[in-house]
Amino acid sequence: MLLARFAATGDEAAFAVLVRRHGPMIFGLCRRLILDHHAAEDAFQATFLLLAKKARWLRQPDRLGPWLYE
């Protein structure tokens, strides 16, 4: 699993795949909630920075999509 690989080793390629896989959904949500394009980009980046920091502590890594969406 990509998230487990990133959490265990800091594998940047695994993280990049996670961003490509979930990024469109998260950016779409940010654009719907935040009208300013630059602020939406900042929120998008903040979401994935938070994931990078908390990847080891996610209780249900198989539910990453819903976690990100929250």
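One can find the structure itself at the top, above this paragraph.
If you're wondering where the values come from, they're calculated on a predicted model, not measured in any experiment. (Residues numbered from 1 in each chain as written. Predicted model: local features only at pLDDT ≥ 70, side-chain atom pairs only at ≥ 80, totals over all residues. Heavy atoms only, no water.)

Draft legend 1. Quick peek at helix 1 (residues 2-9). For helix 1, every residue scored as buried is listed here: L2, L3, F6 and A7. Viewed end-on, helix 1 has its buried residues packed into an arc of 130°, placing them on one side of the element. The exposed residues of helix 1 that point more than 90 degrees off its buried face are A8 and T9. Where helix 1 is buried, its residues touch helix 2 (12-33), helix 3 (37-54) and helix 4 (64-69). Two residues or fewer past helix 1, G10 is found with a positive phi of approximately 75°. (Buried < 20%, exposed > 50% of the residue type's maximum accessible area, 1.4 Å probe, protein only. Helix = DSSP H or I, 4+ residues; strand = E, 2+ residues; numbered from the N terminus. Arc of directions from axis to C-beta. Contact = heavy atoms within 4.5 Å.)

Draft legend 2. Geometry of the packing of helix 2 against helix 3. Put simply, helix 2 and helix 3 touch, their axes get as near as 10 Å, and they point 140° apart. Put simply, helix 2 runs oblique to helix 3. Read as a crossing pair, helix 2 and helix 3 show a hand that is right-handed. The segment helix 2 lies against helix 3, with F15, L18, V19, H22, G23, I26, F27, C30 and R31 engaging H37, A40, E41, A43, F44, T47, F48, L51 and A52. Residues of the contact of helix 2 with helix 3, tallied by class, amount to 12 nonpolar, four polar and two charged. (Axes fitted to C-alpha atoms, helices over the stretch in contact; angles between N-to-C directions. Parallel < 35°, antiparallel > 145°, perpendicular 65-115°, else oblique. Left-handed = near helix turned anticlockwise from the far one by under 90°. Nonpolar A, V, L, I, M, F, W, Y, C, P; charged D, E, K, R; others polar.)

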